[in-house]
Amino acid sequence: MIVAEQKPLEEIRRMIVPYERVLILGCGTCMTVCNAGGEREVSYLHSALRVAQAKGGNGAHTFSEYTVRRQCDPEFLDMIGDKIADVDTILSLGCGIGVQALAERYTDLPVLPGVNTSFMGMANESGVWDERCAACGDCRLDDTAGICPITRCTKGILNGPCAGTKNGKCEANKDIDCAWILIYRRLERLGQLEKMRRYYPMRNFRAIPRPKRITSKTTVDVGEDNG
Amino acid sequence: MANSLFEEKLSSKEFMVTTEIGPPKGADVSEMIHHIDLLKDNVDAINVTDHQSSVMRFPSLGGCLLVKERGGEPILQMTCRDRNRLALQADLLLAYSRGINNVLCLTGDSIDVGDHKEAKPVFDADSVQLLRMIRTMESGKDMSGEDLKGSPKFCIGASVHPEADFIEPQLIKFEKKVAAGAQFFQTQGIFDLASLRRFMQYASQFDVRILAGIIVLASARMARYMNDNVPGIIVTEAIIDELAGVEKGKGLEKGIEIAARLMRTIKEENLCHGVHIMAVGNERIVPEILEEAKMLGVSPRAR
């Protein structure tokens, strides 16, 4: 899933200054799961903005709130036409994809990002999310015992640990496990250390060019070259 | 035929001494030139570091040009932290064209340990891939398979960490570096000769020259700081105690004594093929260390 953090209230308040009527729009998928922009966070932010405004400060706004199933899906965005009829901006608590999907769908309406989209990852314990995938377009988890060095090694290197690892931790951050020590231990447990002895050449950053596009085979006409 | 004086010495199988210079943070190179002049005839080669600890400085390549200008033998330290494959190859071509023919291939410290923490880390290549990149260029091709008009020829080395607290993965990487063409290794700082002995028992099966890294410590505080903050350094408690035991102001003297003692033992017991002295900011005292270790005049350049 995509993981994000809500922006600081002060930054959000600065962003909305030029707009009077603000729709706070949540997202019912990843942002709900990572507690950054679901229905509950929309409601909290709504209250926080009202309280801040009541205490005085910049501008007088009227706020409304709503949460869609998924901001990154045009199908769900079509359904909020009535919610945006009378607003001057959408403050999106969707991820960066949601913000852009809204901007593409509603060309005349400014869309503001209410969260900082951070990474793709998983919940490890309650309230703690860890990054796991860098979407490099060239998955090599088979070679690395299911532990991604591109994501979890600060240098993203492919041929084993650097010399900076100490006590199994990373030189860049002593709280973070060294990905290559994890990979070594798991390859050893699986009896696959020969995978670490192999040479891995430099990555192909063209694996899928940026911005990436994937066309699902099931939606392509039969006979069309999908390569 | 050897590609450099340093490569010639490598194949002579004589005991070798190298040291390193950290370029200045700024455009004033007068002190670096002074250090080069002080060291060039007393060692087999001088490494010039490449933004060591990810701290922005005068470039390694520029420092190597100065070593060359002053009549010394440079080793270009090249990390993959700040340059992608285009820039790495271009710098190698420049180095070769100016007679800088020795390269120490390093991945490079993390951006996070340095003074430009917000910079974009590159790491398009790692140390093993950089070694192979050089061998590819020597074959007349660049990394896209295009022909080079005039191919370079280098003497290449890498680093290894015999005192790593978890050695097995480091040894796998060491073997990859050997397979990629590394001819010499300058180790991370050695403080415990037992670990060097163990490492050499294993490493002697490979046809490469190993130079033990000797870090000159100036105080117990510096040793503890390095343990906590400098990647790849593990100073033993015994050495920290030794440094802590001297009166104020005598730390560097003690550090020189310790470094010289390690060097003498390494040479007397023939533990490895040479030493690489890292004086980290105290380059001026390297001749003193050499004298105390009875290694002044070891380099043929000094004779």
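Residues take numbers from 1 onward in each chain, read along the sequence in its written order. Going through the entries in the order they are written, you letter the chains from A and number the ligands from 1. Local features are withheld for residues below a pLDDT of 70 in this predicted model, meaning they are given only at 70 or higher, and side-chain atom pairs are given and counted only at 80 or more; totals for whole chains, interfaces and linings count all residues.

**Concerning helix H7 (residues 193-203) of chain B**
Residues and elements named next belong to chain B.
Working step 1: What H7 keeps buried is the set Leu-196, Phe-199 and Ala-203. For H7, the buried positions fall inside an angular range of 65 degrees around the axis, keeping them on one side. Exposed and facing more than 90 degrees away from the buried side of H7 are Ala-194 and Gln-201. Think of it as a crowd count around each C-beta: if 20 or more other C-beta atoms lie within 10 Å the residue is buried, if 12 or fewer it is exposed, and in between it is partly exposed, with C-beta placed from the backbone throughout. Secondary structure elements follow DSSP: runs of H or I of four or more residues count as helices, runs of E of two or more count as strands, with numbering from the N terminus. By definition, the arc is the one covered by directions from the helix axis to the C-beta atoms.

**Focus on the interface of chain B and chain A**
Working step 1: Taken together, the contact between chain B and chain A spans 28 residues of the former and 25 residues of the latter.
Working step 2: Elements supplying a minimum of two residues to the side of chain B that touches chain A: helix H5 (127-138) and helix H6 (167-179) of chain B.
Working step 3: Top element by residues in the side of chain B that touches chain A is H6(B). It accounts for seven residues. Throughout, a pair of residues is in contact if the C-beta atoms placed from their backbones lie within 7 Å.

**Side note on the sheet that holds strand S6 (residues 115-125) of chain A**
Paired through their backbone hydrogen bonds, the strands of a sheet run either parallel or antiparallel.
Residues and elements named next belong to chain A.
Working step 1: If you walk across this open sheet you meet the three strands as S1-S6-S7, and the pairing is antiparallel. The two strands at the open ends of the sheet, each matched to only one other strand, are strand S1 (2-6) and strand S7 (128-133). Neighbour-to-neighbour, the strand axes of the sheet open up by a mean angle of 70 degrees, direction not taken into account.
Working step 2: One bridge is not enough; two strands pair if DSSP finds at least two bridges between them. Relative to S7, S6 is paired through five bridges, and the arrangement is antiparallel. Each bridged residue has a counterpart across the sheet, and for Met-120 the counterpart in S7 is Cys-133. Axis lines are fitted to C-alpha atoms, over the contacting stretch for helices. Their N-to-C directions set the angle, which ranges from 0 to 180 degrees.

**So, the nonpolar core**
When a protein is soluble and globular, its nonpolar side chains tend to lie buried together.
Working step 1: Think of a nonpolar core as buried Ala, Val, Leu, Ile, Met, Phe, Trp, Tyr and Cys residues, each tied to the set through C-beta atoms within 7 Å. In terms of nonpolar packing, the biggest core is built from 102 residues, with B:Leu76, B:Ile214, B:Val216 and B:Ala259 touching the most fellow members.
Working step 2: Among all residues touching B:Leu76, those that are not within four sequence positions of it are B:Val48, B:Ser60, B:Leu61, B:Cys64, B:Ala95, B:Ile100, B:Asn102, B:Val103 and B:Leu104.
Working step 3: Ranked by size, the runner-up nonpolar core spans 32 residues in total, among them A:Cys30, A:Met31, A:Val68 and A:Leu77.

**So, helix H4 (residues 85-97) of chain B**
Residues and elements named next belong to chain B.
Working step 1: Compared with the 18 Å implied by 1.5 Å per residue over 13 residues, the 18 Å span of H4 between its first and last C-alpha is a close match.
Working step 2: Taken together, the buried positions of H4 are Leu-88, Gln-89, Leu-92, Ala-95 and Tyr-96. With its buried residues spanning 120 degrees around the axis, H4 presents them on a single face. Along H4, the residues that are exposed and aim more than 90 degrees away from the buried face are Leu-86, Ala-90 and Ser-97.
Working step 3: Looking at the buried residues of H4, the elements they touch are helix H3 (60-69), strand S3 (74-79) and H5.
Working step 4: Looking at the residues trailing H4, positive phi occurs at Gly-99, about 80 degrees. The span expected for a helix works out to 1.5 Å for each residue beyond the first.

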